[in-house]
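One-letter residues, chain by chain:
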Amino acid sequence: MPTSPSRKLVILDRDGVINLDSEAFIKSPDEWVAIPGSLEAIARLNQAGYRVAVASNQSGIGRGLFDTAALNAMHAKMHRQAAAVGGRIDAVFFCPHTAQDHCDCRKPKPGMLKMIAERFEIDPEDTPVVGDSLRDLEAGAALGFRAHLVLTGKGEKTLAAGGLPEGTQVHADLRTFALDFLTKERV
Ligand SMILES: [Mg+2]
Ligand SMILES: [Zn+2]
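Basis of the calculations
Residues numbered from 1 in each chain as written. Chains lettered and ligands numbered in written order. Predicted model: local features only at pLDDT ≥ 70, side-chain atom pairs only at ≥ 80, totals over all residues. Heavy atoms only, no water. UniProt positions renumbered as here; feature names shortened; annotations may be inferred. Donors = N, O, S within 2.8 Å, 3.2 Å for Na, K, Ca; no water. Buried < 20%, exposed > 50% of the residue type's maximum accessible area, 1.4 Å probe, protein only. Tetrahedral: all angles 85-135°; square planar, octahedral: opposite > 155°, others 65-115°. Helix = DSSP H or I, 4+ residues; strand = E, 2+ residues; numbered from the N terminus. Expected span 1.5 Å × (residues − 1). Arc of directions from axis to C-beta. Contact = heavy atoms within 4.5 Å. Salt bridge = Lys/Arg side-chain N within 4 Å of Asp/Glu carboxyl O. Pairing = 2+ DSSP bridges. Axes fitted to C-alpha atoms, helices over the stretch in contact; angles between N-to-C directions.

An unreviewed UniProt entry lists the protein under the name D,D-heptose 1,7-bisphosphate phosphatase, from Paraburkholderia denitrificans. The Subcellular location (unreviewed entry) comment attached to the protein in UniProt states, word for word, "Cytoplasm". UniProt lists a comment for the protein under the heading Sequence similarities (unreviewed entry), and it reads "Belongs to the gmhB family."

Here's what the structure looks like:
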(Lines give C-alpha, C1' and ligand atoms only; values in the text may rest on other atoms or scores of the structure.)
(Ligands and ions follow the chains in the order given, each with its own letter.)
Protein backbone atom coordinates (compact mmCIF):
# COMPACT_ATOMS: atom_id res chain seq x y z
CA MET A 1 0.00 0.00 0.00
CA PRO A 2 1.44 3.39 -0.92
CA THR A 3 2.35 5.72 1.90
CA SER A 4 -0.23 8.45 2.33
CA PRO A 5 1.20 11.89 1.59
CA SER A 6 0.90 13.02 5.20
CA ARG A 7 3.01 10.07 6.32
CA LYS A 8 5.92 10.88 4.05
CA LEU A 9 8.92 11.66 6.20
CA VAL A 10 12.69 11.92 5.88
CA ILE A 11 14.86 11.76 9.00
CA LEU A 12 18.17 13.58 8.95
CA ASP A 13 21.19 13.63 11.20
CA ARG A 14 22.30 17.25 11.71
CA ASP A 15 26.07 17.69 12.00
CA GLY A 16 27.87 16.61 8.84
CA VAL A 17 24.57 16.26 6.95
CA ILE A 18 22.82 19.65 7.16
CA ASN A 19 25.69 21.71 8.55
CA LEU A 20 29.48 21.45 8.54
CA ASP A 21 30.79 19.30 11.38
CA SER A 22 33.69 20.02 13.70
CA GLU A 23 35.78 17.77 15.95
CA ALA A 24 35.48 20.59 18.49
CA PHE A 25 31.63 20.38 18.45
CA ILE A 26 29.24 23.00 17.08
CA LYS A 27 28.68 25.13 20.18
CA SER A 28 27.06 28.36 19.01
CA PRO A 29 24.91 29.78 16.22
CA ASP A 30 28.05 31.37 14.72
CA GLU A 31 29.62 27.91 14.40
CA TRP A 32 26.49 26.53 12.75
CA VAL A 33 27.15 26.80 9.00
CA ALA A 34 24.97 25.03 6.44
CA ILE A 35 26.58 22.70 3.91
CA PRO A 36 26.00 24.27 0.47
CA GLY A 37 22.78 22.89 -1.05
CA SER A 38 21.55 21.12 2.09
CA LEU A 39 18.76 23.56 2.95
CA GLU A 40 17.66 23.66 -0.68
CA ALA A 41 17.54 19.84 -0.56
CA ILE A 42 15.19 20.04 2.41
CA ALA A 43 13.00 22.48 0.47
CA ARG A 44 12.97 20.08 -2.48
CA LEU A 45 11.87 17.21 -0.24
CA ASN A 46 9.13 19.42 1.25
CA GLN A 47 7.92 20.31 -2.24
CA ALA A 48 7.60 16.60 -3.00
CA GLY A 49 5.37 16.21 0.06
CA TYR A 50 7.93 15.04 2.60
CA ARG A 51 8.16 16.31 6.12
CA VAL A 52 11.66 16.49 7.55
CA ALA A 53 12.68 15.59 11.09
CA VAL A 54 16.15 15.90 12.58
CA ALA A 55 17.61 13.36 15.03
CA SER A 56 20.87 14.56 16.49
CA ASN A 57 23.28 13.43 19.22
CA GLN A 58 24.31 16.58 21.11
CA SER A 59 26.56 15.26 23.86
CA GLY A 60 28.21 18.70 24.00
CA ILE A 61 25.33 19.57 26.34
CA GLY A 62 26.09 16.65 28.67
CA ARG A 63 29.77 17.58 28.53
CA GLY A 64 28.97 21.15 29.53
CA LEU A 65 30.35 22.65 26.29
CA PHE A 66 27.11 24.53 25.57
CA ASP A 67 23.60 24.69 26.99
CA THR A 68 20.09 24.12 25.68
CA ALA A 69 19.64 27.85 25.06
CA ALA A 70 22.64 27.82 22.71
CA LEU A 71 21.26 24.72 20.97
CA ASN A 72 17.89 26.43 20.55
CA ALA A 73 19.64 29.46 19.08
CA MET A 74 21.49 27.22 16.59
CA HIS A 75 18.20 25.65 15.58
CA ALA A 76 16.52 29.04 15.24
CA LYS A 77 19.28 29.90 12.75
CA MET A 78 18.77 26.58 10.94
CA HIS A 79 14.99 27.11 10.71
CA ARG A 80 15.42 30.71 9.56
CA GLN A 81 17.93 29.83 6.85
CA ALA A 82 15.82 26.88 5.70
CA ALA A 83 12.74 29.10 5.51
CA ALA A 84 14.71 31.62 3.44
CA VAL A 85 15.04 29.00 0.67
CA GLY A 86 11.51 27.64 1.09
CA GLY A 87 12.41 24.71 3.35
CA ARG A 88 10.80 23.56 6.57
CA ILE A 89 12.09 21.25 9.30
CA ASP A 90 9.08 19.91 11.20
CA ALA A 91 10.82 18.64 14.30
CA VAL A 92 14.23 18.50 15.89
CA PHE A 93 14.92 15.65 18.30
CA PHE A 94 18.21 15.65 20.15
CA CYS A 95 19.99 13.54 22.75
CA PRO A 96 21.83 15.74 25.28
CA HIS A 97 23.49 12.79 27.01
CA THR A 98 27.01 11.39 26.98
CA ALA A 99 27.84 7.71 26.55
CA GLN A 100 28.27 7.48 30.34
CA ASP A 101 24.58 8.34 30.86
CA HIS A 102 23.49 5.06 29.20
CA CYS A 103 20.29 6.66 27.88
CA ASP A 104 18.06 5.10 25.22
CA CYS A 105 18.19 8.09 22.88
CA ARG A 106 21.90 8.43 22.05
CA LYS A 107 22.48 6.92 18.61
CA PRO A 108 23.25 4.06 17.81
CA LYS A 109 20.45 3.37 20.32
CA PRO A 110 17.12 3.55 18.46
CA GLY A 111 15.22 5.67 21.05
CA MET A 112 15.11 8.95 19.14
CA LEU A 113 14.05 7.34 15.88
CA LYS A 114 11.43 5.32 17.71
CA MET A 115 9.98 8.53 19.17
CA ILE A 116 9.96 10.13 15.73
CA ALA A 117 8.22 7.11 14.19
CA GLU A 118 5.54 7.29 16.88
CA ARG A 119 5.14 11.06 16.70
CA PHE A 120 4.79 11.09 12.91
CA GLU A 121 2.96 7.74 12.73
CA ILE A 122 5.19 6.51 9.93
CA ASP A 123 6.32 3.11 8.79
CA PRO A 124 10.13 2.78 9.08
CA GLU A 125 10.12 0.59 5.95
CA ASP A 126 9.07 3.62 3.89
CA THR A 127 11.26 6.15 5.67
CA PRO A 128 14.85 7.06 4.84
CA VAL A 129 17.32 7.93 7.59
CA VAL A 130 20.21 10.02 6.31
CA GLY A 131 23.46 10.22 8.26
CA ASP A 132 27.21 10.60 7.97
CA SER A 133 28.12 8.22 10.81
CA LEU A 134 27.64 4.50 11.25
CA ARG A 135 25.68 5.10 14.46
CA ASP A 136 23.05 7.12 12.56
CA LEU A 137 22.46 4.22 10.22
CA GLU A 138 22.62 1.55 12.94
CA ALA A 139 19.99 3.40 14.99
CA GLY A 140 17.70 3.31 11.96
CA ALA A 141 18.53 -0.22 10.83
CA ALA A 142 17.52 -1.58 14.24
CA LEU A 143 13.96 -0.42 13.50
CA GLY A 144 13.88 -1.23 9.80
CA PHE A 145 14.45 2.29 8.43
CA ARG A 146 16.15 2.74 5.06
CA ALA A 147 19.82 3.67 5.55
CA HIS A 148 21.37 6.45 3.45
CA LEU A 149 24.98 7.52 3.96
CA VAL A 150 26.17 10.94 2.80
CA LEU A 151 29.87 11.55 2.23
CA THR A 152 29.91 14.99 3.83
CA GLY A 153 31.01 15.36 7.47
CA LYS A 154 32.41 12.04 8.68
CA GLY A 155 30.87 10.23 5.70
CA GLU A 156 34.07 9.42 3.79
CA LYS A 157 35.62 7.89 6.93
CA THR A 158 32.40 6.01 7.66
CA LEU A 159 32.36 4.52 4.16
CA ALA A 160 36.05 3.56 4.37
CA ALA A 161 35.54 1.87 7.75
CA GLY A 162 32.84 -0.39 6.27
CA GLY A 163 30.31 -2.47 8.16
CA LEU A 164 27.33 -0.45 6.92
CA PRO A 165 23.84 -1.90 7.41
CA GLU A 166 22.70 -4.09 4.54
CA GLY A 167 21.17 -2.09 1.70
CA THR A 168 22.76 1.22 2.68
CA GLN A 169 22.70 3.68 -0.21
CA VAL A 170 25.56 6.17 -0.58
CA HIS A 171 25.25 9.76 -1.82
CA ALA A 172 27.77 12.57 -2.19
CA ASP A 173 25.76 14.94 -0.03
CA LEU A 174 22.21 15.81 1.04
CA ARG A 175 21.57 17.60 -2.23
CA THR A 176 22.41 14.44 -4.19
CA PHE A 177 20.40 12.31 -1.77
CA ALA A 178 17.29 14.41 -2.41
CA LEU A 179 17.75 14.20 -6.19
CA ASP A 180 18.40 10.41 -6.15
CA PHE A 181 15.62 9.67 -3.70
CA LEU A 182 12.94 11.74 -5.43
CA THR A 183 13.93 10.40 -8.87
CA LYS A 184 13.55 6.81 -7.64
CA GLU A 185 10.24 7.66 -6.01
CA ARG A 186 8.82 8.73 -9.35
CA VAL A 187 9.76 5.48 -11.09
MG1 LIG B 1 26.71 13.55 11.95
ZN1 LIG C 1 20.09 10.45 25.29
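Asker: Got a minute to help me understand the coordination of the magnesium ion (ligand 1) in this structure?
Answerer: Six octahedral donors at a metal ideally form angles of 90 or 180 degrees, and four tetrahedral donors ideally form angles of 109.5 degrees. Within the first shell, the magnesium ion (ligand 1) binds the protein through Asp13 (OD), Asp15 (O) and Asp132 (OD), at distances of 2.0 to 2.2 Å. Motif for the magnesium ion (ligand 1), donor spacing along one chain: D-x1-D-x116-D. Its relative accessible area of 13% is what places Asp15 among the buried residues.

Asker: Please clarify how the coordination of the zinc ion (ligand 2) should be interpreted in this entry.
Answerer: Within the protein, the atoms that donate to the zinc ion (ligand 2) are Cys95 (SG), His97 (ND1), Cys103 (SG) and Cys105 (SG), at distances of 2.0 to 2.3 Å. Around the zinc ion (ligand 2), the four donor atoms are arranged such that angles at the metal cover 99 to 117°; this shape is classified as tetrahedral. Taking the relative accessible area as the measure of exposure, Cys103 reaches 12% and is therefore buried. You can call Cys105 buried: its relative accessible area is 14%.

Asker: Looking at this structure, how should I read helix α3 (residues 68-84)?
Answerer: Each turn of an α-helix holds 3.6 residues, which means side chains three or four residues apart point in the same direction. Taking 1.5 Å per residue as the helical rise, α3 with its 17 residues ought to reach 24 Å, and the 24 Å between its terminal C-alpha atoms agrees with that figure. Among the residues making up α3, those that are buried are Ala70, Leu71, Met74, His75, Lys77, Met78 and Ala82. Seen from one end, α3 has its buried residues packed into an arc of 150°, which puts them on one side. Facing away from the buried side of α3 by more than 90 degrees, the exposed set consists of Ala69, Arg80 and Ala84. In this structure, the buried residues of α3 make contact with α1 (38-47), β2 (51-57), α2 (59-62) and β3 (91-95).

Asker: Explanation requested: the pattern of salt bridges in the structure shown.
Answerer: A side chain of one charge can pair with a side chain of the opposite charge if their charged atoms are brought near each other. This model, assessed by the stated rule, comprises nine salt bridges. The residue Glu121 makes a salt bridge to Arg7 at a minimum N-O spacing of 3.7 Å. One end of the pair, Glu121, is in the loop between α4 (111-120) and β4 (128-131); the other, Arg7, is in the segment before β1 (9-12), with 114 residues separating them in the sequence. Given the relative accessible area of 36%, Arg7 is considered partly exposed. Taking the shortest distance from any N to any O, the salt bridge between Lys154 and Asp21 comes out at 2.6 Å. Of this pair, Lys154 sits in the loop between β5 (146-150) and α6 (155-161) while Asp21 sits in the loop between β1 and α1, and the two are 133 residues apart along the sequence. Judged by its relative accessible area of 33%, Lys154 falls in the partly exposed class. Among the residues examined, Asp21 registers a relative accessible area of 28% and is labelled partly exposed.

Asker: What should I look at first to understand the environment of Ala53 in this one?
Answerer: Mapped onto the fold, Ala53 is located in strand β2. Given a relative accessible area of 0%, Ala53 falls into the buried group. Placed 91 residues apart in sequence, Ala53 and Gly144 show a C-alpha to C-alpha distance of 17 Å. Residue contacts for Ala53: discarding those within four places in its chain leaves Leu9, Val10, Ile11, Leu12, Ala91, Ile116 and Phe120.

Asker: Looking at this structure, I do not really get the side chain of Asn19. What am I missing?
Answerer: Assignment of secondary structure puts Asn19 in the loop between β1 and α1. On the accessibility criterion, Asn19 (0% relative accessible area) is buried. Excluding residues within four positions of it along the chain, Asn19 makes contact with Arg14, Ile26, Trp32, Val33, Ala34 and Ile35.

Asker: Is there a simple way to explain the sheet that holds β5 in this structure?
Answerer: Strand pairing in a sheet takes place through backbone hydrogen bonds and is either antiparallel or parallel in direction. Read from one edge of the open sheet, six strands run β3-β2-β1-β4-β5-β6, paired in parallel fashion. Pairing within the sheet leaves two strands with one partner each, and these edge strands are β3 and β6 (169-171). The mean angle between the axes of side-by-side strands here comes to 25°, regardless of whether they run parallel or antiparallel. Two elements, β1 and β4, share two bridges in a ladder whose sense is parallel. Residue Leu12 lies in a different strand from β4, and its bridge partner there is Val130. Sheet contacts for α1: β1 and β2; angle to β2, the most-contacted strand, approximately 140°. Helix α5 (residues 134-141) contacts β2, β4 and β5 of the sheet and is inclined by roughly 165° relative to β4.

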